[in-house]
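The primary structure of each chain is shown beneath.
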Amino acid sequence: MTKRERHIAHLKNTDNWMDYLKENSGLPGPRADLELLQTVAALGVEKFFMECLSYNETIAPTNTPGEFVAACGVTGLGTLVNNGKDQYFDLLRKYASDSRWRVREGVAFALQIVGKKDFDSLTDKLRDWKNGNPYEKRAIVAGLCEPALIKERKNALKVLEYLEDIVDSIELISGRKEESFRVLKKGLAYGLSVAMVAYPEKGKALFERLMLKQDKDIQWILRENLKKKRLERMDSDWTSKMSNARILKN
């Protein structure tokens, strides 16, 4: 029996999911039990997810079992949206700016749940988020830069277009020392290359256009992506050429 199967068996045979989540969250610690989180998101119902969301930042701070409970609730919102409860997509936008990073990850997981069912609907819903705060933009990056979602080139192209808009918007962001901007940069530092390998021709063209920008943070994002092995596997000659380009030197 796999770990996921054990979680399913236990959850189906108990009415006390909340205690099970807390006891098996893996928190405090460096790594939460994401298999349990995904299992709960798939099996849970609206009432339970709402109970999970009552674990707010005050009573369930970062790196506590309560944070895990909240992350499960946020991830479960993706399941509710897929079940026709579109009103919960606005709630996902709210949680994209939560102070707890695992809750923000829950938003990304929820977006992926929605995207696996209807990718076009997801990107339509995210259109306004592109004009939101850095946390919201980061949620787009983390949610859409998922290989399973962009196997089709039309999906990869849409993600590249969204990433282009987000990177372009960096030049207009003033609060560069804020946590929200830091996590956006960190997300783009890997997400761009994930989308690029899904559609190399369009991805390389976008990268070369971004190279022309003088913004130091955009340049940092490009350098970080060039360190990813996935780009070397995509096109080693091109990656070497970009890495040696004078404009990307520190």
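Figured I'd write up the structure that's included with this text.

Cut-offs used in this document
Residues numbered from 1 in each chain as written. Predicted model: local features only at pLDDT ≥ 70, side-chain atom pairs only at ≥ 80, totals over all residues. Heavy atoms only, no water. Helix = DSSP H or I, 4+ residues; strand = E, 2+ residues; numbered from the N terminus. Buried < 20%, exposed > 50% of the residue type's maximum accessible area, 1.4 Å probe, protein only. Contact = heavy atoms within 4.5 Å. Areas by Shrake-Rupley, 256 points an atom, 1.4 Å probe, with all protein chains shown as cover. Lys, Arg positive; Asp, Glu negative; His and termini not counted. Charge placed at Lys NZ, Arg CZ, Asp CG, Glu CD. Salt bridge = Lys/Arg side-chain N within 4 Å of Asp/Glu carboxyl O.

### As for the overall build of the chain
When helices and strands are counted, the chain shows 15 helices and 0 strands. Its C-alpha atoms give the chain principal-axis dimensions of about 60 × 35 × 35 Å. For the chain, with 250 residues in total, the buried portion stands at 53%. Partitioning the contacts of the chain with sequence separation of at least 6, the portion at a separation of at least 24 is 72%. Carbon and sulfur atoms make up 49% of the accessible area of the chain, which totals about 12200 Å². Here the chain contributes 43 positive and 36 negative side-chain charges, whose respective centroids are spaced 4 Å apart.

### Describing the pattern of salt bridges
Per the counting criterion, the structure on display carries 23 salt bridges. Put simply, Glu-171 and Lys-213 hold a salt bridge, and the shortest N to O gap is 3.0 Å. Here Lys-213 lies in the loop between α12 (200-210) and α13 (216-226) and Glu-171 lies in the loop between α10 (153-169) and α11 (179-198), a separation of 42 residues in the sequence. Note on Lys-213: relative accessible area 14%, which makes it buried. For the salt bridge of Glu-232 with Lys-229, the shortest nitrogen-to-oxygen distance reads 3.9 Å. Here the residue Glu-232 and the residue Lys-229 both occupy positions in helix α14 (residues 229-234), the gap between them amounting to 3 residues, near one helical turn. Looking at Glu-232, the relative accessible area reads 43%, which means it is partly exposed. Residue class for Lys-229 comes out exposed when judged on its relative accessible area of 56%. Through salt bridges with shared partners, a single network forms among Glu-164, Asp-168, Glu-171, Arg-209 and Lys-213.

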